[in-house]
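Here are the chains, one letter per residue:
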Amino acid sequence: MHVLVTGGAGFIGSNLVRALLSGGHQVFVVDDMSTGSAANLDPRAGFRKMDILDDGLVELVAQVAPEFVVHLAAQASVTVSLRDPERDRAVNAEGTRRVAAAARAAGVRRMLSASSAAVYGEPESLPLQESASTVPMNPYGSSKLEAEGLLAAELAGSATDYASLRFSNVYGPRQDAAGEGGVVAIFCDRIGKGEKPVVFGDGSQTRDFIYVGDVVGAIVQALTSDAALAYDEIPGSPYNISTGERISVDGLIMALRPAAGYFGPVTYVAAREGDIVHSALDPSRAEHAFGWQAGVELETGIAATWRWFSALS
Ligand SMILES: NC(=O)c1ccc[n+]([C@@H]2O[C@H](COP(=O)([O-])OP(=O)(O)OC[C@H]3O[C@@H](n4cnc5c(N)ncnc54)[C@H](O)[C@@H]3O)[C@@H](O)[C@H]2O)c1
């Protein structure tokens, strides 16, 4: 395969690029390095430092002429989206539209675009299916939802098949501990520095934590599937990429303790306003459409994540 990956210097992107290269595939990365890291760039992949909003994108994608596009570049922080909703919307919504337009113009076979559990908002029942109501609770969720619609608007009826992959809470090696979303990365970072993990709330809140290796597996499976992924019922053709399981933050810490050899105290502070208490996404549509299921146990994923973080210090 010949794959162009936007956001390939980021957390999920760099894990994907590495897996594709190991599989003998050709990869080209487009990233503006706003949150991506140079250490994440693999010299075996082509690379252009470029903002996806740059007018040169159409020409670049035409020159690279990939068979597939995996669009992961985004303003991925809820906090930043609250501070600067205009930039968030420009990168996530308009940026996705431009990547889709460039993919269509270059005759790309299939484009996968990263979406998020944040499009759903407060759940009515769990686990959430793709048909559940979408009422985002912050500008990040809104821009991701708008991006799904723009993806369909650009690509429906074209030769480029497409899907939006709604990731749940992804964790694993190379996640930035400075980002607010990566609770596993933050815990690993603090324990590695000899500090106590800090939990917002009483630790009983749950999330659908998925290991990055599973997310990479889902992307590869979706790229290589013979089935057409675009379907008309919901704009953007969304698929949950998740485990369907709810894991509490306390459960996460219990899994991390033996891996990290940390049996010390945990600090509990007041819950953050606006945080959803429980979340899980039903992944069965992805299983039916392209035969993918998450397979990495929490203990295994946490241990691999800890090994990576501990090698840093
Ligand atoms: N990490 C998660 O738990 C999670 C959950 C749901 C959805 N997602 C989505 O998955 C994708 C990847 O997330 P991540 O966690 O790897 O984030 P990340 O911040 O590590 O990676 C994003 C990459 O995109 C690049 N980028 C940002 N704006 C750009 C622009 N305008 N032009 C070009 N490149 C740009 C950044 O430099 C970075 O390398 C994002 O679309 C994010 O919204 C992530």
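Cut-off values and rules
- Residues numbered from 1 in each chain as written.
- Predicted model: local features only at pLDDT ≥ 70, side-chain atom pairs only at ≥ 80, totals over all residues.
- Heavy atoms only, no water.
- Near = heavy atom within 4 Å.
- Polar contact = N/O pair within 3.5 Å; in protein donor to acceptor, adjacent residues only side chain to side chain.
- Areas by Shrake-Rupley, 256 points an atom, 1.4 Å probe, with all protein chains shown as cover.
- Helix = DSSP H or I, 4+ residues; strand = E, 2+ residues; numbered from the N terminus.
- Nonpolar A, V, L, I, M, F, W, Y, C, P; charged D, E, K, R; others polar.
- Domains from an automatic or database assignment.
- Buried area = accessible area lost by both parts, 1.4 Å probe.
- Salt bridge = Lys/Arg side-chain N within 4 Å of Asp/Glu carboxyl O.
- Buried < 20%, exposed > 50% of the residue type's maximum accessible area, 1.4 Å probe, protein only.
- Phe/Tyr/Trp six-rings, centres within 6.5 Å; stacked < 30°, edge-to-face > 60°.
- Lys NZ or Arg CZ within 6 Å of the ring centre and 35° of its normal.
- Pairing = 2+ DSSP bridges.
- Axes fitted to C-alpha atoms, helices over the stretch in contact; angles between N-to-C directions.

(A) Region of the structure containing the site of the ligand. Around the ligand lies a shell of 29 residues, among which Ile12, Asp31, Thr35, Tyr140 and Lys144 are the nearest. Contacts to the ligand include Asp31, whose side-chain N or O atom sits 2.5 Å from an oxygen atom. Measuring from an oxygen atom of the ligand, one finds a backbone N or O atom of Val170 at 3.0 Å. Burial of the ligand by the protein amounts to 91% of the accessible area it has alone, namely 820 Å². Contributions of two or more residues to the shell around the ligand are made by α1 (11–22), α4 (85–105), β5 (110–116), α5 (139–155) and β7 (169–171). Counting residues per element, the shell around the ligand draws most heavily on β5, which supplies 3 residues. For the shell around the ligand, the per-class residue count stands at 15 nonpolar, 9 polar and 5 charged.

(B) Summary view of the domain arrangement of the chain. Once the domains are mapped, the chain shows domain 1 (2–170 + 210–241) and domain 2 (171–207 + 244–312). On a C-alpha basis, the centres of domain 1 and domain 2 stand 23 Å from each other. Buried area between domain 1 and domain 2, summed over both chains or domains, comes out near 2,900 Å², and the portion from carbon and sulfur atoms is 58%. Where domain 1 meets domain 2, there are 1 salt bridge. Put simply, domain 1 and domain 2 have 14 residue pairs in polar contact (both at pLDDT 80 or more) between them. For the side of domain 1 that touches domain 2, the secondary structure elements donating two or more residues are α1, α3 (78–83), β6 (161–167), β7, β10 (209–211), α7 (212–224) and β11 (238–241).

(C) Broad picture of the pattern of salt bridges. Tallied over the entire structure, the rule returns 15 salt bridges. Its salt-bridge partner being Arg44, residue Asp42 comes within 2.9 Å of it at the nearest N-O pair. For Arg44, a relative accessible area of 53% gives the class exposed. Note that Glu67 is salt-bridged to Arg109, the shortest N-O span being 2.8 Å. Highlighted residues: Glu67 in the loop between α2 (57–64) and β4 (68–71) and Arg109 in the loop between α4 and β5, separated in sequence by 42 residues. Residue class for Glu67 comes out partly exposed when judged on its relative accessible area of 29%.

(D) Structural context of the packing of aromatic side chains. Counted by the stated rule, this structure contains 4 aromatic pairs. Geometrically, the ring pair formed by Tyr231 and Tyr239 is edge-to-face, given 5.6 Å between the ring centres and 75° between the ring planes. Overall, Tyr231 belongs to the buried group, its relative accessible area being 11%. Here Tyr239 falls in the buried class, since its relative accessible area comes to 3%. An aromatic cluster of at least three residues, connected via ring pairs, comprises Tyr231, Tyr239 and Phe290. Directly above the aromatic system of Phe200 lies the positively charged group of Arg272, at a separation of 4.4 Å from the ring centroid.

(E) Highlighting the sheet that holds strand β3 (residues 46–49). Taken in spatial order, the 7 strands make up an open sheet running β3-β2-β1-β4-β5-β6-β11, and their pairing is parallel. The sheet terminates laterally at β3 and β11, the two strands that pair on one side only. Between one strand axis and the next, the sheet turns by 20° as a mean value, whatever way the strands run. The pairing of strand β1 (residues 2–6) with strand β2 (residues 26–31) spans 5 bridges and is classified as parallel. Opposite His2, over in β2, you have Gln26 as the bridge partner.

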